[in-house]
Structure formats: C-alpha cells, structure tokens
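# Summary of the model geometry
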Amino acid sequence: MKGLIPEPGPLRPLALATLLSRVGNGLLMTVSVLYFNRIVGLSIAQIGLGLTIAGLFGLLAGIPLGHLADRRGPRTLFVLLGGSVAVLSLAYLLVQTFWQFLAVAIVLTILDRGAGSVRAALIGAVTTGTGRVAARAYLRAITNIGITVGAGVGALALHFDTAAAYRTMFVLDSVLTLSSAFIILAIPRVAPQPKSEDGPVWVALRDRGYLAVAALNAGMSIHYAVLDVAIPLWVVDHTEAPRWTIALLLVVNTVVVSLFQVRSSRGIADPTSAARATRQAGWLLLASMALFAGASGGGVAVAVALLVLGAFVQVIGELLQSSGSFLLSYDLAPNHAQGQYQGVWGTSMSISTMVAPTVLALLPLGLGVPGWIILGVWFAVIGVLFVPVVRWAATRQHQQVTAQAG
C-alpha cells in the first residue's frame, strides 16, 4: 500500500480526485452513446456530429482559461469549473432534441477542456522538477484504473438496459465529479502569478519553439487512438483472430500502463532525456505497427500472437512518449505562464484526438498493410525530429530567460 498511496502532500488529494472523476468518465464512456440513441432517440450520426461540433468549441477554451488560472490561481478556478461540470452535466437528462443535446455538449465541453488546462497548471504549481513527471505519471496510472472501474460499473446499466439504469449512471457521474472538485480544496491555495506590465499577453502563442514541440507531440499522439479506432475493425475484417482478441489487447494496454507508467518516467529528468525517450518511442511504435500489419497474413494463432506482441510493444512506446510529454509540457514553459502554456499543450492534444480517426481510416484501414507501415514510419520520423526540435526550443527558452534576467 505504501507504494500505491503517494506521500502526504498535494498529490494525495489530486490522486483521489482523479480516481473519482475518472470512474465517472468510465461510466459515461460506457453508457452515454447508447442512452442518447436508445432512450433519447438521437441517431448515431446526430450524436457524432454534436460531439464533433462541441469538440471544435472546446478547442477555444484551454488557452484563455489556462491564462485565467495564471492570473487568479489554478486551485479555486479548477474547483469552480469541476463543480460547474458536475451540476450542468445533469442537463443531459433533460435533453429531448438534437439542438438541446448540442447546446449542453458545447457548454460542457468548453468547461471540461478548460478544466483540463487548469488542472495541468495546478499540478505544475504544486510540484517541481522531475516530481512533475512522476506526479503526472502516477495520475495517468490512476486515470486508467478509474476508467476501468467506471466501465465495469457502467456495464451494469448495459445489462439492465433501462432508462432508469442509464440515468442513474449520469447522476452517479455528477456526484463523483462534484466530490472530486471539493477534494481539491484540501490542496493549499496557489498564489496567482504576478501580471507583467509589459510584453504581449498571449506569450504561449508567440513561442515558436514550444508550438513546434507541441505540434510534434500531437502528431505522435495519434497512436493513442490505434487500439480504440483501428484495431477493432482490423481484427474483424483483416485477420483470423477471434473477436475477443480486441478486449485482450485493451486489457494488455490498461494493465501495463497502470503498473509501469510511474516506473517508465524514471530517468526522464530534462528536455534532452525526454526527447531521447520520445525518439525511442517512435521506433517502438514503428515496430508495433509492423506487427499489427503482419497479423493479417497468418492463421488464428499467428494473428493473436502478433497482435498481442504488437500491443505490448506499442504500450512500451506509449509509456516512454507520455513520460517525455509530461516533462516537455512543463519544462519548456515559463513558470509565470504555466496555465497558458498548458492550454496550448492541451489544445494540441485535442486536435490530435480529432484528426486521429481520419488518419487511421485513410492509412491502416484504407490502405491495409502499406498503411500500417506508413503510419509506423510517421511515428519514427517524428521521434527522430524530437531531439533537434527540443534542443532548439530549450535553447530559445534559455535565451529568453537570460534576456529577461539581464
């Protein structure tokens, strides 16, 4: 238990709040689409369109709310945003038309994406140095555990398949989210960053080095959608593997991340080591894409073996890439504007999440084996580019700090 529970300090309430909120996320991930389709009566196309439009609005939230966290302090703002999401999410239970669904989804997505940036700023404010990487790694492991537990509870609603069962999950999510927001009050108040009297307000959007690294990270992060989007259709339509293999691969990913995310972050202490870890991740992702591609050329045993091996290699690359991402997002940003910079980083990740299904549809699912190889080469090339681009961004940051100190 000593290894599972963090030392006394801000990370403890952050971990508990993360666990509760992610259990709620797991609940809704399991039941929300079916609720809106089977109970409310929206078509799958309407649900997809509504979530896509809401996601586009959500892109506008991270940077300004992150900047507000710098000016007002991230703890209290995060509590307000989390509480607002918890209460307003119950409005989904009143939805009867597409336009009502769209309006609620837009408001909640804006608040939720903004809360993500504020949360990242809060983590940056209560941790320092390599402790930030370890904290983010620990919280990511907690996230996987919470979503898995939430999905298991949400499966109960799927079993009963009634309006009352689905609505109970929405209420439970609201309670968990509200509880997680109030738990954050156990963290001491974080003082706002002093406002600079000169210079541009939106410094993160003018930092070319940081923007370049964030863009590369977004390109690499497309791999997160491989197991969710590409693998299910690939297994069913292009391999001899049984359908249960899809669930097995998800279990492999979840278990490895939960057990080894913290350990994988050790040794990543500066931008140089983070860039090298990401370069290594790129090569591992190339190998995993080749293994997934090879699964289409054998019988049941060969297909299952290659798919499982590919999932294992991919998750090792994922551990390295995510740990490097944690450090770079903070270390390449000035402390006085962490919220704004985390907003930029979060926005780049949101863009990656939005474009990933299209990329996967065009490459592995559209082109087959050549598409998998092209995707793998894409990851490897980005990984190689990380080292010089991060070096350039770190040099620019050092020069800016030196100039300001002078």
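As shown above, the structure is provided for reference.
Not measured: the values here are computed from a predicted model. (Residues numbered from 1 in each chain as written. Predicted model: local features only at pLDDT ≥ 70, side-chain atom pairs only at ≥ 80, totals over all residues. Heavy atoms only, no water.)

## Let's talk about unusual backbone geometry
Rules: Starting at the N terminus, helices and strands are each numbered in turn, a helix being any DSSP run of H or I of at least four residues and a strand any DSSP run of E of at least two.
Of note in the backbone geometry, D161 takes a positive phi value of approximately 55° without being a glycine. One can find D161 in the loop between α6 (130–160) and α7 (163–183).

## Notes on a nonpolar patch on the surface
Put simply, the test is: Only residues whose relative accessible area exceeds 30% and that form no salt bridge are eligible for patches; like-charged ones are grouped when within 9 Å, while nonpolar side chains (Val, Leu, Ile, Met, Phe, Trp, Tyr) are grouped when within 5 Å. Methods summary: accessible areas were calculated by the Shrake-Rupley approach with a probe of 1.4 Å, and residue burial reflects only the protein chains presented. Salt bridge, as used here, is a side-chain nitrogen of Lys or Arg placed within 4 Å of a carboxyl oxygen of Asp or Glu.
Residues V369, I373, V377, V381 and L385 make up a contiguous nonpolar surface patch of about 350 Å² in total accessible area. Checked against the element boundaries, V381 lands in helix α15 (residues 369–405).

## Looking at the pattern of salt bridges
If charged atoms from side chains of opposite charge come close, those side chains can pair. The criterion, for reference: Burial classes follow relative accessibility: with a 1.4 Å probe on protein chains only, a residue under 20% of its type's maximum area counts as buried, one over 50% as exposed, and anything between as partly exposed.
For the structure on display, the rule yields two salt bridges. The salt bridge involving E318 is made with R140; its shortest N-O contact spans 2.3 Å. Of this pair, E318 sits in helix α12 (residues 300–331) while R140 sits in helix α6, and the two are 178 residues apart along the sequence. Overall, the relative accessible area of 4% leaves E318 in the buried class.

## Concerning helix α1 (residues 11–40)
Turn by turn, an α-helix covers 3.6 residues, leaving residues three or four places apart pointing in a common direction. Note the threshold: Across the chain, bend at a residue is computed as the angle between axes fitted to the seven residues ending at that point and the seven starting from it.
The sharpest bend along α1 comes to roughly 45°, located at V31. Downstream of α1 by one or two residues, G41 has phi in the positive range, about 100°.

## Considerations on the nonpolar core
Side chains of nonpolar character tend, in soluble globular proteins, to be buried together. This is how the line gets drawn: Here, nonpolar core means buried Ala, Val, Leu, Ile, Met, Phe, Trp, Tyr and Cys residues that are tied together by side-chain atoms lying within 4.5 Å of each other.
V213, V226, I231, F292, L307, L328 and W372 are the most contacted members of the largest nonpolar core, which totals 61 residues. It is α12 that provides the largest number of residues to this core, a total of 10 residues. A54, Y138, I184 and I187 belong to the second-largest nonpolar core, a separate cluster that totals 52 residues.

## Some points on the packing of aromatic side chains
Going by this rule: Stacked, edge-to-face and tilted labels apply to pairs of Phe, Tyr and Trp rings (six-membered ring for Trp) whose centres lie within 6.5 Å, assigned for plane angles under 30 degrees, over 60, and everything in between, in that order.
Following the criterion strictly, the structure yields 13 aromatic pairs and no others. When the ring of F98 is compared with that of W99, the centres are 5.2 Å apart and the planes differ by 70°; the resulting orientation is edge-to-face. Accessibility expressed as a relative area gives 64% for W99, which makes it exposed. One aromatic cluster is present, formed by Y35, F36, Y92, F101, Y166 and F170 through successive ring pairs.

## Focus: helix α13 (residues 338–362)
The test is simple: Given the number of residues in a helix, its expected span is that number minus one, multiplied by 1.5 Å.
The terminal C-alpha atoms of α13 lie 36 Å apart, and with 25 residues this matches the ideal 36 Å at 1.5 Å per residue to within 8%. A bend of about 35° at V355 is the largest found in α13, and the proline P357 appears one to four places after it.

## Some points on the packing of helix α8 (residues 208–220) against α13
Threshold: Axes here mean lines fitted to C-alpha atoms, for a helix over just the part in contact, with angles spanning 0 to 180 degrees between N-to-C directions. Note on angle classes: values under 35 degrees are labelled roughly parallel, values over 145 roughly antiparallel, values of 65 to 115 roughly perpendicular, and the remainder oblique. Left-handed describes a crossing whose near helix is turned anticlockwise from the far helix by less than a right angle; the clockwise case is right-handed. The contact criterion used is simple: two residues touch if any of their non-hydrogen atoms lie within 4.5 Å. The classification used treats Ala, Val, Leu, Ile, Met, Phe, Trp, Tyr, Cys and Pro as nonpolar, Asp, Glu, Lys and Arg as charged, and all other residues, Gly among them, as polar.
It is at 9 Å that the axes of α8 and α13 come closest, and there the two elements cross at 30°. One element, α8, and the other, α13, form an angle in the roughly parallel class. Handedness of the crossing formed by α8 with α13: right-handed. Across the interface between the two elements, Y210, L211, V213, A214, N217 and A218 of α8 pack against Y341, Q342, V344, W345, S348, M349 and S352 of α13. Here the residues of the contact of α8 with α13 are counted per class, giving nine nonpolar, four polar and no charged.

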